[in-house]
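Below are the chains, spelled out letter by letter.
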Amino acid sequence: TVVLSLSPVPGVFLLFLSGERHAAHAEEGASSERNCSSVPPYLPPTAVNTTLRLLQLRAAMKPHNISAYIIPGTDAHLSEYIAPYDARLAWMSGFSGSAGTAVVTQDKAVLWTDSRYWVQAERQMDCNWELERDVSVSSITNWLIKETKEGDEVGFDPFLFSVDTFAAYKTKLAPAKRVLTSIPDNLVDEIWSERPPLPPDSLTRLPDEFIGVTWQNKVDQIRGQMMDNPYKPTALLLSALDETAWLFNLRGNDIPFNPFFYSYTLLTFDKIWLFVHTERVTEELKVYLNSSCDTLHCVQLLNYDSVREHLMKYLEEPGVRVWVGTEYTNQALYELITPEGKLLQSTYSPVLTTKAVKVDTEQRILREAHIRDAVAVMQLLLHLERAVPEGMETELTAAEFVNECRSKQKYSRGPSFETISASGPNAALAHYSPSKETARQLRVDEMYLVDSGGQYLDGTTDITRTVHWGKPTALQKDAFTRVLKGNIEISRTIFPAGTKGVNIEMLGRRALWEVGLNYGHGTGHGVGNYFGVHEWPVGFQSNNIPFQEGMFTSIEPGYYKENDFGIRIEDIALARSIKTEHGNNYLTFETVSLVPYDRKLINTTILSLEQLVWLDSYYRVIREKVGPELKSQGLTEVYDWMIENTQPFLTDGASAVVASMSPLLLLLLLPLALL
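Treat the numbers as computed from the prediction; the structure is a model and nothing was measured. The residue numbers shown here count from 1 along each chain, following its written sequence. Given that the model is predicted, a residue must reach a pLDDT of at least 70 before its local features are reported, and side-chain atom pairs must reach 80 or more before they are shown or counted; all residues, however, enter totals for whole chains, interfaces and linings. The side-chain quantities take in all heavy atoms of the structure and omit both hydrogens and water.

**Some words on helix α8 (residues 241-248)**
Inclusion rule: Residue exposure (1.4 Å probe, protein chains only): buried if accessible area is under 20% of the type maximum, exposed if over 50%, otherwise partly exposed. Elements are defined by DSSP. Helices are runs of H or I of four residues or more, strands are runs of E of two residues or more, and each kind is numbered from the N terminus.
For α8, the tally of buried residues reaches eight of eight residues, placing the bulk of the element in the interior. The complete set of buried residues in α8 reads Leu241, Asp242, Glu243, Thr244, Ala245, Trp246, Leu247 and Phe248. Count one or two residues on from α8 and you reach Asn249, which has phi positive near 55°.

**Regarding the packing of aromatic side chains**
Basically, it comes down to this: Two rings belonging to Phe, Tyr or Trp (six-membered ring only in the last case) form a pair when the distance between their centres is within 6.5 Å. Interplanar angles under 30 degrees mark stacking, angles over 60 mark edge-to-face geometry, and anything in between is tilted.
Inspection of every chain in the model, using the stated rule, returns 25 aromatic pairs. Centre to centre, the rings of Tyr85 and Tyr262 are 6.2 Å apart; their planes meet at 70°, and the pair counts as edge-to-face. Of this pair, Tyr85 sits in the loop between β3 (68-72) and α2 (88-93) while Tyr262 is found in the loop between β11 (250-251) and β12 (264-268), placing the two residues 177 residues apart along the sequence. Tyr85 sits in the partly exposed class, given a relative accessible area of 24%. Take Tyr262: its relative accessible area is 3%, and that puts it in the buried class. Taking 5.3 Å as the distance between ring centres and 40° as the angle between the ring planes, the aromatic pair formed by Phe495 and Phe589 counts as tilted. Of this pair, Phe495 sits in strand β23 (residues 495-496) while Phe589 sits in strand β30 (residues 586-591); the two residues are 94 residues apart in sequence, bridging distant segments of the chain. The class for Phe495 is buried, based on a relative accessible area of 3%.

**Describing the UniProt feature "domain: Creatinase N-terminal" (unreviewed entry) in the chain**
Our working definition: UniProt positions are given in the numbering used here, feature names are shortened, and annotations may be inferred rather than shown by experiment.
Under the feature "domain: Creatinase N-terminal" (unreviewed entry), the UniProt entry names residues 53-175. Here residues 53-175 runs as 36% helix and 17% strand, with 32 Å between its end C-alpha atoms.

**Looking at the pattern of salt bridges**
Opposite charge on two side chains lets them pair, provided their charged atoms get close. Definition in use: Salt bridge, as used here, is a side-chain nitrogen of Lys or Arg placed within 4 Å of a carboxyl oxygen of Asp or Glu.
As enumerated under the stated definition, the model contains 35 salt bridges in all. Among the ionic pairs, Arg195 bridges to Asp86, the shortest N-O distance being 3.7 Å. Linking Arg195 in the loop between α6 (187-191) and β9 (204-205) with Asp86 in the loop between β3 and α2, this pair joins segments that are 109 residues apart in sequence. Overall, the relative accessible area of 5% leaves Asp86 in the buried class. Here Asp254 ties to Arg280 by a salt bridge, and the two come within 2.6 Å at their closest N and O atoms. One end of the pair, Asp254, is in the loop between β11 and β12; the other, Arg280, is in the loop between β13 (272-276) and α9 (283-288), with 26 residues separating them in the sequence. The pair Asp254 / Arg280 is uniform in exposure class, with both members buried. Each of Asp86, Arg88, Asp189 and Arg195 takes part in one network of salt bridges that share partners.

**Regarding the sheet that holds β13**
We apply this condition: By the convention used here, strands pair only if DSSP detects at least 2 bridges between them. Axes here mean lines fitted to C-alpha atoms, for a helix over just the part in contact, with angles spanning 0 to 180 degrees between N-to-C directions.
The sheet built from six strands is open, its strands ordered β14-β13-β12-β10-β15-β16 with mixed pairing. With one partner strand each, in any of the chains shown, β14 (299-303) and β16 (343-346) form the two edges of the open sheet. Strand-to-strand, the axes of this sheet are offset by a mean angle of 20°, without reference to chain direction. For strand β15 (residues 322-325) and β16, the ladder comprises four bridges, and the chain directions are parallel. Within β16, the residue paired with Trp323 across the bridge is Leu344.

Pasting the structure below:
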């Protein structure tokens, strides 16, 4: 998971003197978290002074006669990662995490976020804000009911609410006689005088060698699914940014780390309407999209802001029915589709579910991207082995180093998210990213976690490794090995095609559960081809779609000991078919991330022989795939490091007889196999 990071505004702490608030800068070297109960209250340098912003927002609320205003941390496309242009929650509260919701009344301001971001929130918010350690809609609505009166109105921007989110709020607030009031003109935008502009960059198309299916064939494929739908939709509305980008094989630069552009698409059986900032569509792209004609494969370019108007006009036609995926359609567009007979809805659009299964070309080039990406990560790990004992590295310089290594790889287009480079207690924050204010020096007596990824024209990568350069404690070694066991058990499992990830997710936790340990984040997410690093709807959560051959997912169990250390092992894996003794419709995972694990942290005595065999097989693949790439790049020292760190765990011949041994004999001979 990635944190959207904005440059922090210098922090203040508030002194209450003679009934007034006075600001003073936090002292150098003071605590990294706010303390609003101290006298005077204390804020770290990373906190943002929001006093004036809240005064302005409360003034803007009064003409609308609303008692509270909800500020989600998303954009009109319900994106997980958003552009600075849409970072309203961060600007209002100072909190820049990728998940959160704020509510402002005339006398209170509250942020809701999950456990990944509690410490970050305490570091970034001033004492105008309260923190609710929850993310559920019920928690927010219960608070609203408590803080408002019957008949009070609660304002919200319908472009920032999904269909399901709006329904959840309404279900809770309506019985309590609190009224949800739609305000399409965002109130934060009204007071945000220095709001960042939209990026000026033109859109681009993928080079032909990285295109698995032409956009015309994709359009035909989606139209075929519309035709086959028994509810007979006449149009499909695409709202998620990756839907339109995938459909037309286009990329943009509107969202940091994600090659997307602001867009909607309305697709019918004979028309294609693409809503974009048309001034950023080059003449070359207009030709590519056949924008000058009006037949089946001609894309009509319309202004981005005209989508509501055009949708309303289409809905005036008789006999139309618009198909929407409710997960990424905002309430502002959804509420236009009336009466109910003109609406067809599913959780995900057919574009998202089709995109989730990579075609052969996409699978091949995504594997190739991971080979080059492994080179960059190995360069980092070797560099740190040498530099950390000399006291020459910090969390921030390590992050910069791996980004620099990736930038030199073929087809590089930058990081796929802000690198999580965390040592010691910072690594206990699952989604911590270093800044100049928070970066710690890397030390040999602490664990270090690096979660990083790259964007390449042929793929998107995301990998996490945890290392220790000194002597790990017994708990650190045990916890690391159990996290590794979880990663291996999911990776090597065989399951029927069509199995939902949530039904095998516990394999990643079982070894931890056995000793009373656990982790508080998801176990995996989809990943794209030069796309989003978190690509829905693939993964291991209850709302993910079942696994099919050709889907890529991360596998990333972890363990975090508060204020001490953090462990995560993350690999990207491909769901591929495997023949079994009695059936063929089964899948397993092929790990495409190719970097060895820290041997010093592995306690082989608690690994099963099957797990050790899996490790040895994985290490052979690393040598076979990454070795030639390292040699071709002339990285002899990195090659030697890779060879040293992929030595087999089992002695020669031990793995060759595994299949013929009984489980009891395996148990008896395991200690000998490790000698």
